[in-house]
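Listed here are the chains, written in short residue letters.
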Amino acid sequence: MSQLALVIDLNVCVGCHACVTNCKEWNTSGSAGALSDDNPYGKDPSGTFFNRVQTYEIGEFPKTETLHFPKSCLHCEDPPCVPVCPTGASYKREEDGIVLVDYDKCIGCRYCSWACPYGAREIDEHQKVMKKCTLCVDRIYDESLPERERKPACVLACPTSARLFGDVHDPDSEVSVAIREQGGYQLMPEWGTKPSNHYLPRRKNHVSYHKDELERADNPLKKEDYQVDASEPSLDDVTSW
């Protein structure tokens, strides 16, 4: 049995969120129906996404690094979300290993989201059903598309080719070679879910800094010994962006 999956290279992901936006653009008009966006520009935005990018800072100043970590459903080989579903809405396909949700059977009980140790499922507050990454199953088998475009939307959108797609059970596939040769690993393997998606680790960078490099040589405030009058309104106070 084949097992389709994503391999994400953390060394080249720049956190641009192109995968997030392209995923949502494709899937909001697909079988999942509209993916909600509530109050997107307000104080408390919320919505339904199949893919998210989390960003972390590592280390202490000045030796710090930024890590961008894309995360979606990992299409586990032993998915804990499937057996807990009381209606059989969550299921794993035999032919390609993709884990899906039958929206006609889903009752929005959230058992699957509680069972998933990766937090990969989200409830659509408008349709009251659970939604998750489908690996763009409606796209990868669409013969009306050129073969080069039969890939998940997130893979096609990535400007740095940080996302690979293929059969991890095929030892000669691009994803299997990348995992084998670049030390690809599963997320939280101790849970025994056997995630199909893998990550390629960041390569350790050794960067040395001199003290004078941490200060701007062209800093106008320092160059002219300029003092800021805190009582005066700032540009943000008087300008409408």
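You'll find the structure just up there.
Let us look at the structure shown here. (Residues numbered from 1 in each chain as written. Predicted model: local features only at pLDDT ≥ 70, side-chain atom pairs only at ≥ 80, totals over all residues. Heavy atoms only, no water.)

### Section: the pairing of strand E4 (residues 51–60)
Then step 1. With 10 bridges connecting them, E4 and strand E5 (residues 63–72) associate as antiparallel partners. Residue Val53 lies in a different strand from E5, and its bridge partner there is Pro70.
Then step 2. Linking two consecutive strands that pair antiparallel, namely E4 and E5, is a turn of two residues. (Pairing = 2+ DSSP bridges. Helix = DSSP H or I, 4+ residues; strand = E, 2+ residues; numbered from the N terminus.)

### Describing the environment of Thr48
Then step 1. Relative to the assigned elements, Thr48 resides in the loop between strand E3 (46–47) and E4.
Then step 2. Sequence-wise, Thr48 and Met130 are 82 residues apart; in three dimensions their C-alpha atoms are separated by 9.5 Å.
Then step 3. Leaving out residues up to four positions away in the same chain, Thr48 has contacts with Lys24, Leu35, Ser36, Glu122, Ile123, Asp124 and Lys131. (Contact = heavy atoms within 4.5 Å.)

### Considerations on the packing of aromatic side chains
Then step 1. Considering all chains together, one arrives at three aromatic pairs under this definition.
Then step 2. Their ring planes at 20° and their centres at 4.6 Å tell us that Phe69 and Tyr199 sit as a pair that is stacked. Taken together, the residues Phe69 in strand E5 and Tyr199 in strand E11 (residues 198–200) connect sequence positions 130 residues apart. The burial state of Phe69 is the same as that of Tyr199; both residues are buried.
Then step 3. Connected via pairs of aromatic rings, a cluster forms that spans Phe69, Tyr185 and Tyr199.
Then step 4. The cationic tip of Lys24 hangs over the ring face of Phe49; the distance from NZ or CZ to the ring centre is 3.6 Å.
Then step 5. Taking NZ or CZ as reference, Lys131 lies 6.0 Å from the ring centre of Tyr103, over its face. (Phe/Tyr/Trp six-rings, centres within 6.5 Å; stacked < 30°, edge-to-face > 60°. Buried < 20%, exposed > 50% of the residue type's maximum accessible area, 1.4 Å probe, protein only. Lys NZ or Arg CZ within 6 Å of the ring centre and 35° of its normal.)

### Topic: the environment of Val177
Then step 1. Along the polypeptide, Val177 turns up in helix H5 (residues 174–182).
Then step 2. On the accessibility criterion, Val177 (24% relative accessible area) is partly exposed.
Then step 3. Excluding residues within four positions of it along the chain, Val177 makes contact with Pro171, Asp172 and Gln182.

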